[in-house]
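# Architecture at a glance
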There are 2 protein chains.
Amino acid sequence: MQNFDLHNPTHIVFGARTVARLDELVPTKARVLILYGGDSARRTGTLAEVRAALGERDVYEFGGIEPNPSYETLMRAVELIRWEGMDFLLAVGGGSVIDGTKFVAAAVGYEGDPWEIMETHGATVRGALPFGSVLTLPATGSEMNSGSVVSKNATKAKLVFSSPHVFPRFSILDPTKTYSLPLSQVANGVVDAFTHVMEQYMTYPADGFVQDRFAEGLLQTLVEIGLQVLSEPDNYNARANLMWAATMGLNGLIAAGVPEDWSTHMIGHELTALHGIDHARTLAIVLPANMEVRREAKRGKLLQYAGRVWRLTEGSEEQRIDAAIARTRMFFESLGVPTRLREYGIGASQIGAVISQLEAHGMTALGERQDVTLAVSRRILEAGL
Amino acid sequence: MQNFDLHNPTHIVFGARTVARLDELVPTKARVLILYGGDSARRTGTLAEVRAALGERDVYEFGGIEPNPSYETLMRAVELIRWEGMDFLLAVGGGSVIDGTKFVAAAVGYEGDPWEIMETHGATVRGALPFGSVLTLPATGSEMNSGSVVSKNATKAKLVFSSPHVFPRFSILDPTKTYSLPLSQVANGVVDAFTHVMEQYMTYPADGFVQDRFAEGLLQTLVEIGLQVLSEPDNYNARANLMWAATMGLNGLIAAGVPEDWSTHMIGHELTALHGIDHARTLAIVLPANMEVRREAKRGKLLQYAGRVWRLTEGSEEQRIDAAIARTRMFFESLGVPTRLREYGIGASQIGAVISQLEAHGMTALGERQDVTLAVSRRILEAGL
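Fair warning: this is a prediction, and the values are worked out from it, not measured in the lab.

The rules we used
- The numbering scheme is per chain: residues are counted from 1 as the chain's sequence reads.
- Labels follow written order: the first chain is A, the first ligand is 1, and so on.
- Residue-level local features of this predicted model are given only where pLDDT is at least 70; pairs of side-chain atoms are given and counted only at 80 or more, and the full residue set underlies all totals for whole chains, interfaces and linings.
- Where side-chain values are given, they derive from all heavy atoms of the structure, hydrogens and water being excluded.
- Each helix is a run of H or I in the DSSP string that is no shorter than four residues. Each strand is a run of E no shorter than two, and both are numbered from the N terminus.
- This radius of gyration counts C-alpha atoms alone. The globule rule is 2.2 Å times how many residues there are, raised to the power 0.38.
- Pairs of residues are marked as contacts when any of their non-hydrogen atoms sit within 4.5 Å.
- In this tally, Asp and Glu contribute negative charge and Lys and Arg positive charge; neither His nor the terminal groups of the chain are included.
- In this description, the location of a charge corresponds to atom NZ of lysine, CZ of arginine, CG of aspartate or CD of glutamate.
- A 1.4 Å probe rolled over the protein chains alone gives each residue an accessible area, and that area as a share of the maximum for its type sets the label: buried under 20%, exposed over 50%, partly exposed in between.
- Throughout, the arc means that of the directions going from the helix axis to the C-beta atoms.
- Centre distance within 6.5 Å is the pairing criterion for rings of Phe, Tyr and Trp, where only the six-membered ring of Trp is used; planes under 30 degrees apart are then read as stacked, over 60 as edge-to-face, and the remainder as tilted.
- The term salt bridge refers to a pairing of a side-chain nitrogen on Lys or Arg with a carboxyl oxygen on Asp or Glu at a separation within 4 Å.
- Using a 1.4 Å probe, buried area is obtained as the accessible area two parts lose upon being combined, added over both of them.
- Classification convention: Asp, Glu, Lys, Arg as charged; Ala, Val, Leu, Ile, Met, Phe, Trp, Tyr, Cys, Pro as nonpolar; all other residues, Gly among them, as polar.
- Any two strands are treated as partners once DSSP identifies two or more bridges connecting them.
- By nonpolar core is meant a set of buried Ala, Val, Leu, Ile, Met, Phe, Trp, Tyr and Cys residues that side-chain atoms within 4.5 Å join together.
- UniProt positions are given in the numbering used here, feature names are shortened, and annotations may be inferred rather than shown by experiment.
- For helices, the fitted line uses only the C-alpha atoms of the stretch in contact; every axis is such a line through C-alpha atoms, and the angle between N-to-C directions lies from 0 to 180 degrees.
- For classification purposes, an angle smaller than 35 degrees is called roughly parallel, one larger than 145 roughly antiparallel, one from 65 to 115 roughly perpendicular, and anything else oblique.
- The superposition of copies rests on a least-squares fit of C-alpha positions from residues with pLDDT of 70 or more in both.
- As used throughout, domain bounds are those supplied by an automatic or database domain assignment.

### Concerning the overall build of chain A
Along its length, chain A carries 15 helices and nine strands. The C-alpha radius of gyration of chain A comes to 20 Å, within 12% of the 21 Å expected for a compact globule of 385 residues. Seen through its principal axes, chain A has C-alpha atoms that stretch 65 × 45 × 45 Å. When contacts within chain A are restricted to residue pairs at least 6 apart in sequence, those whose partners lie at least 24 apart make up 78%. The averaged location of the 44 negative side-chain charges in chain A is 2 Å from the averaged location of its 35 positive side-chain charges.

### A word on helix H14 (residues 351-360) of chain B
Residues and elements named next belong to chain B. Buried residues of H14: Ile 351, Val 354, Ile 355 and Leu 358, and no others. The arc enclosing the buried residues of H14, seen along the axis, measures out at 100°, which places them on a common side. Elements in contact with the buried residues of H14: helix H10 (263-275) and helix H15 (374-383). Remark: Gly 362 follows H14 within two positions and exhibits a positive phi of approximately 75°.

### Quick look at the packing of aromatic side chains
Per the counting criterion, the structure on display carries 27 aromatic pairs over all chains. Taking 4.8 Å as the distance between ring centres and 5° as the angle between the ring planes, the aromatic pair formed by A:Phe4 and B:Phe14 counts as stacked. Of the two residues, A:Phe4 is situated in strand S1 (residues 4-6) and B:Phe14 in strand S2 (residues 11-14); the pairing between them involves two chains. Residue classification places A:Phe4 among the buried positions, given a relative accessible area of 7%. Judged by its relative accessible area of 1%, B:Phe14 is buried.

### Section: the pattern of salt bridges
Counted under the stated rule, the structure contains 45 salt bridges over all chains. Note that B:Arg213 and A:Glu224 form a salt bridge whose closest N and O atoms lie 3.3 Å from each other. Pair noted here: B:Arg213 is in helix H8 (residues 209-231) and A:Glu224 is in helix H8 (residues 209-231), and the two residues belong to different chains. In this structure B:Arg213 comes out as buried when scored by relative accessible area, which is 14%. A:Glu224 sits in the partly exposed class, given a relative accessible area of 38%.

### Re the interface of chain A and chain B
Many authors give the size of an interface as the accessible area that is lost as the parts come together. In this assembly, 40 residues from chain A lie in contact with 40 residues from chain B. For the pair chain A and chain B, the summed buried surface comes to about 3700 Å²; carbon and sulfur atoms form 54% of the total. A salt bridge links B:Asp5 to A:Arg21; the nearest nitrogen and oxygen atoms lie 2.6 Å apart. Mapped by element, the contributors of at least two residues to the side of chain A that touches chain B are S1, strand S2 (11-14), H8 and helix H9 (236-249) of chain A. The biggest single contributor to the side of chain A that touches chain B is H8(A), with eleven residues. Broken down by class, the residue content of the side of chain A that touches chain B amounts to 19 nonpolar, 14 polar and seven charged. In the sheet, S1(A) pairs with S2(B) via three bridges, with the strands oriented antiparallel.

### Considerations on the side chain of A:Thr282
Within the secondary structure layout, A:Thr282 lies in helix H11 (residues 279-293). Residues contacting A:Thr282, with those up to four places away along its chain left out, are A:Gly268, A:Leu271, A:Thr272 and A:Ile277.

### Topic: the nonpolar core
One finds A:Trp244, A:Tyr305, B:Trp244 and B:Tyr305 to be the most contacted residues of the largest nonpolar core, which totals 182 residues. When residues of this core are assigned to their parent elements, the largest contribution, ten residues, is made by H8(B). Sequence-distant contacts of B:Tyr305, that is, excluding residues within four places in its chain, are made with B:Phe194, B:Met198, B:Tyr201, B:Met202, B:Leu219, B:Met291, B:Trp310, B:Ala324 and B:Thr328.

### Comments concerning the UniProt feature "domain: Alcohol dehydrogenase iron-type/glycerol dehydrogenase GldA" (unreviewed entry) in chain A
Annotation from UniProt places "domain: Alcohol dehydrogenase iron-type/glycerol dehydrogenase GldA" (unreviewed entry) at residues 9-175 of chain A. Here residues 9-175 of chain A runs as 29% helix and 25% strand, with 22 Å between its end C-alpha atoms.

### Topic: the packing of helix H7 (residues 183-201) of chain B against helix H12 (residues 299-308) of chain B
Residue and element names in this part refer to chain B. Two elements in contact, H7 and H12, have axes whose closest approach is 11 Å; the angle formed by their N-to-C orientations is 135°. Accordingly, the angle class assigned to the pair H7 and H12 is oblique. Contact residues: H7 offers Phe 194, Met 198 and Tyr 201, while H12 offers Lys 301, Gln 304 and Tyr 305. Here the residues of the contact of H7 with H12 are counted per class, giving four nonpolar, one polar and one charged.

### Some remarks on the sheet that holds strand S4 (residues 58-62) of chain B
Read from one edge to the other, the open sheet built from seven strands follows the order S1(A)-S2(B)-S9(B)-S6(B)-S5(B)-S3(B)-S4(B), with strand pairing classed as mixed. Looking at which strands have only one partner, the edges of the open sheet turn out to be S1 of chain A together with S4 of chain B. For this sheet, the mean inter-axis angle between neighbouring strands, taken without regard to orientation, is 15°. In this fold helix H4 (residues 71-84) of chain B packs onto strand S3 (31-36), S4 and strand S5 (88-93) of chain B, with an angle of close to 155° to the strand it touches most, S4(B). Set on the sheet, helix H9 (residues 236-249) of chain B makes contact with S1 of chain A together with S2, strand S6 (131-135) and strand S9 (170-173) of chain B; between it and S2(B) the angle comes to about 170°.

### A look at the relation of the copies chain A and chain B
Taken together, a rotation about one axis and a shift along it account for how the two chain copies relate. Note on the identical chains: chain A maps onto chain B by a rotation of 180° and an axial translation of 0.0 Å, with an RMSD of 0.0 Å. One copy is carried onto the other by what is essentially a two-fold rotation axis. Scanning chain A for the C-alpha nearest the rotation axis identifies A:Pro9, at a separation of 2.2 Å.

### Here's the deal with the sheet that holds strand S1 (residues 4-6) of chain B
In space, the seven strands of this open sheet follow the order S4(A)-S3(A)-S5(A)-S6(A)-S9(A)-S2(A)-S1(B), with mixed pairing throughout. The open sheet terminates on both sides in strands that have one partner only, identified here as strand S4 (58-62) of chain A together with S1 of chain B. Going from strand to strand, the sheet's axes swing by 15° on average, the running direction of each strand aside.

### Quick notes on the domain arrangement of chain A
All names here are of chain A. Each assigned domain of chain A is listed with its residue range as follows: domain 1 (11-177) and domain 2 (183-383). On a C-alpha basis, the centroid separation for the pair domain 1 and domain 2 is 27 Å. Listed by partner, the interface residues are 19 residues for domain 1 and 17 residues for domain 2. Roughly 1600 Å² of surface becomes buried between domain 1 and domain 2 when both sides are summed, with 69% attributable to carbon and sulfur atoms.

Dropping the structure here:
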C-alpha cells in the first residue's frame, strides 16, 4: 500500500425530502447566490423548493451554466458576486454546475487573472467563498471532492483544478430529485461513475486490499442496478444506490493508497473537444479499448476484475480477460451507450487529429506508469473504432 | 436505504515514516500535552520520535491511561491542563488513549461536573480542545470517529459518549508502529474490527448495496490477513491493511444509511465489567452465539454473509447459515481467541449475574429491532457457554 493523506470535510446529507435542511446548513445571515444550469431546475420545482428552504435570506440566482462549464460564463457570475457581495454560494445541479461553482468560489477573491487558477491546476488558490450543493444528477462525484473541470471557449482549453479550499461545505443528495432526469443522462451517469472507479482500480496490484474490495463493491453495485435505474426511474433504492455509488466513486477514498490511471479520461476529453461527444460516452468507447491494448500491463488486475466483479472463473487467463472486457462493453451497450467510434461516424482517418490534440496538451505519458505514449493512445483509439 | 448524515473531518495521514509530519499538523505555537498509556510508548521509541517531531514547541506528558480508561485518571489530566494551560492534545496509543483524550478534550472547558458528559452521552458538549492522534494499535476506529468509552471506577459504570466536537483534527497511522505489539493485542484488534463491521452489517437487508459491499470487503480483508498479521509481524502490507480496515470499520461510513445492532457489544461490556475479560475477547464469545440465537431475525443477512464473505453456496439455507457461523467461530479460534465462556471458567450459574447487570444498565431492548430482551440475552449467553 502506498502512503496517503485522506481529508474530506464535506458534510453529506442523504435521502428523500432533505432539501428543507438547507435552513440549518446555510448560515442564517448569508447572502446566497444560487447557481444552476438549464431550465430543468426551475421546471422540476427544485429551485422553488430551494428558495423556500432558504426562507428570509437574501437570495440571488445565476442560471445558464453549461455542461462542460465555460470560463466565460463563470466569470459573469464572479462579476455579479463582486458587485452584489454575496457571501455563500449554492450549486443546484449536477457535476458541471458544482464544478463551475468551485471555480467561481475560488475566483471571486483571487488576486490576478482567475484563469491562472486553471493553468496552475489550483496551486495558487489561497481561499474560496464557502458553498454547498444540492445534487440533481449522480455521476461525477464533484459533490464530495475538491476537483473541477473548466473550459475556455476562446482557446478550446479544458483544464482541471483542485484545491482543499473548494470542498463543498455540504451536499444534499436526494435520490428523488433524479426521477425526472432524461434516461440518457442517467445512463451516462452510470458509465461515468463506473469509469471513475476503473481509473482508480484497473492499474496493477498494490496490496490495497481494502481499496480493491471497495472499488469492486462499487462496480458490482453499478452492474447490479444499471438496468434498473433506467427501467424503473422512480425506484428509490436503485436511484439511491446509484447516487451513493457515484459519490463514493470519486471522493478520494478508493484512490487513497493505490496507483491511478486516468488515461481513459484524458483521451476521452479530446473526443469531446473535437467531436462534441458527451463526456461519459467518450469513456464508454475508450475504456474497453484501453483494457484491450494494455492487457499485459494490467494483467494482474484484469484477472482480479474478471473473477471478483464478473465471477469469471472458467477458462484460460486470456479467455477470462477477453470475457471481462467483453462484459464491460456489453454492460455499457445494455445501457444504450455505444462503445465504438463508428457509432459517431468517426473513422481511422480522424484519429490523427485526436493524437495531435493530445500532443498539443502535453498528454504524451499517461497512465499509472506514464507509459501511455502517443503511439499507445493511437492504438487505443484504433481499438475503439 | 435509510436517510443519513455523514460528516467526518478527520485528516488521515497514513503510511511508514509519517510521524515526522506532526510538525506540519500541530500548530506552531501550540502548548502540547501528549497523552499515552503504559510504558510501551517510551520503550519502543515512539514517544521520543513524537517529541522530536514537535521540535521547539512546549510539550508536556501525561502517561498511565489504562485500557478501559477511567474517569478518575482522566480527570487528573484535566486538572493538569487547567493548571498549565496546554491548548493542543496529542494522543499516542490505541483506542483507550484516544477515547480518553476525547473525554479530556471535552472536559477541560466543560461547565459543571464533567461526568455529565458521559451521563448525557455527549449531548451537553459545547466544545473541546483540539487534538490529534498517533495510532499504535489498530482496532477500535477511535482515530477517525467521534465516539469514546469511559469507565468510572467508583461506580463501575462504563458509558459511551459522542460529539462532533471530538473528531481528531488528524490521525497519523503508521503501520510500522504496530510491529512491536504483543500478538494477543493484534489478534484482539482483528476480532474487534471484525465485530464492529458485523454490528453494522449483520442486521436485516435494507437495500444499502454500497454499504453491504464495503462491509463485506472489510470482513474479507480481515479474513485474508488475519493469520498473516500474527505469523509475519513485520509484513508491512498485512499490517497496513489491518490498520486501514480497522479504521474504516468504525468511522461512520458503513453505518450510513443502514440499521445497526450493537447488542454483542452491550452484552460483552458486562462480561468485561464482571469478569475482566478483554473487550475483544468478549465479542468473540458473544458474536457467534448471537447469530445462532437470532438466526431467524437475521436470516436474510446470514445467507448473504455466507455467500459473499465465506463463499458458501452448497447445501440448504440452514446448512449455509450453520457453516457461516461455524466459520466465524473458527476464524476467531484460529487467531488464538477463544469463543466459549467455559474457556474463562464461566458456567451457566454465572449467567444470572450478567443479566442482572444488563437490567441495571437499562439494556433490556437491544439490537436493530430492539427485540433483544433480557430473555434473549440470556439465551445468547447460554449459547456461548
